[in-house]
Amino acid sequence: MKLYNKVERILTELHALGIDDDAPLSVDDLTPFDQYHYYGTEAVDHAAAAIGIDAQARVLEVGSGIGGPARYLASSTGCHVTALELQFDLNETAMHLTQRCALADSVAHVCGDVLDGGQNGGQFDALVSFLCFLHIPDREALFARCFNALKPGGRLYVEDFAKHTEPSAEEWVLLKDKILCPYLPTPTGYEDQLRAAGFEDVVAEDVSAAWASFTRERHDAWNARRERNLDLHGAEITDGMEDFYKTAADLSASGVLGGLRICARRP
Ligand SMILES: C[S@@+](CC[C@H](N)C(=O)[O-])C[C@H]1O[C@@H](n2cnc3c(N)ncnc32)[C@H](O)[C@@H]1O
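Residues numbered from 1 in each chain as written. Predicted model: local features only at pLDDT ≥ 70, side-chain atom pairs only at ≥ 80, totals over all residues. Heavy atoms only, no water.

Take the pairing of strand 2 (residues 80–85) next. Of all the six residues making up strand 2, six are buried; the element is thus mostly covered by neighbouring parts of the structure. Pairing between strand 1 (residues 58–62) and strand 2: five bridges, direction parallel. Each residue of the ladder has a partner; that of Val 62, found in strand 2, is Leu 84. The parallel pair strand 1 and strand 2, bridged by helix 4 (residues 68–77), forms a crossover whose chirality is right-handed. (Buried < 20%, exposed > 50% of the residue type's maximum accessible area, 1.4 Å probe, protein only. Helix = DSSP H or I, 4+ residues; strand = E, 2+ residues; numbered from the N terminus. Pairing = 2+ DSSP bridges. Right-handed = clockwise from strand over helix to strand, strands pointing away.)

A separate point is the sheet that holds strand 2. Taken in spatial order, the seven strands of this open sheet run 3-2-1-4-5-7-6, and their pairing is mixed. The open sheet has two edge strands, strand 3 (107–111) and strand 6 (200–206), and neither has a second partner. Put simply, the sheet's adjacent strands are angled 15° from each other on average, direction ignored. Where strand 6 and strand 7 (residues 257–265) come together, five bridges link them in antiparallel fashion. (Axes fitted to C-alpha atoms, helices over the stretch in contact; angles between N-to-C directions.)

Here we come to the state of the cysteines. Summed over the entire model, instances satisfying the criterion amount to zero disulfides. Lacking any disulfide linkage, Cys 132 is separated from the closest cysteine sulfur, that of Cys 146, by 8.9 Å. (Disulfide = S-S within 2.5 Å.)

The subject of this paragraph is the environment of Gly 112. Tracing the backbone shows Gly 112 in the loop between strand 3 and strand 4 (124–130). Residue Gly 112 is classed as partly exposed on the basis of its relative accessible area of 21%. In contact with Gly 112, not counting residues within four places along its chain, are Leu 84, Glu 85 and Leu 86. (Contact = heavy atoms within 4.5 Å.)

Let us look at the pattern of salt bridges. For the structure on display, the rule yields 14 salt bridges. Residues Glu 200 and Arg 265 are paired through a salt bridge, measuring 3.2 Å at the closest nitrogen-oxygen approach. Here Glu 200, found in strand 6, pairs with Arg 265, found in strand 7; they are 65 residues apart in sequence, far enough to count as distant. Given the relative accessible area of 37%, Glu 200 is considered partly exposed. A relative accessible area of 25% means that Arg 265 is categorised as partly exposed. The shortest N-O distance in the salt bridge between Asp 250 and Arg 216 comes to 3.0 Å. With Asp 250 in helix 11 (residues 235–253) and Arg 216 in helix 9 (residues 208–224), this residue pair connects regions lying 34 residues apart in the sequence. (Salt bridge = Lys/Arg side-chain N within 4 Å of Asp/Glu carboxyl O.)

Set out below in structure tokens:
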């Protein structure tokens, strides 16, 4: 997955702060760099409050990246998180950062594909996922795996894209090639698919306007530090991030890409 392959970026940022590889870390040291979704820890706090994650909860995070949401959720609520990530290099980096934060007892990193169903067995009180499902077009299989992973009464919280207006042919090329998003449900279609998978109490909040602001500000902030980013990360990362941030901001501004925060419950 070419989108999230520059895992060294976070280590470069830590070096710039004078933090050596292998030095102990706090979760707060990392949160400016390890949240690969919109609104960072604020969104994770929202998820925890929305589905009632507490210190007793066993939580599965699907598509955990380099572990930012999982570490923050475990440290802020006291819950246990199993962080499932498809890509080996991200998962390795996530594990190493979690060890450096002394959180290995609270966050278990697992490398795998959610569609393989290795996390089945009804063992989780909650399942959270931030900007991962957009990469997985087989929603029937995905939601079946999510349903099976939860205990009866278990709660689901997902942040994901939805389609507001039909993308043009050119916009579909951008979605597929630059965002790696090959499929977009409508907001009501999303809710219907979750109900068809057996979920109840499905509630989707439309956060498109807030996400359009976030993606534009993220792009502008990255570009405002272009010289610094070139010095620190080099041209490939600086230009690659600029292009990705611009595409996300443009597709949000055009009204194609909508944002949803979805809660549901396994009966
Ligand atoms: C936008 S990143 C978000 C990472 C993390 N949730 C965060 O907010 O920091 C999406 C992640 O989902 C992972 N992913 C995509 N498809 C997956 C799958 N089928 N199973 C598990 N992880 C997947 C990607 O490798 C990527 O790390």
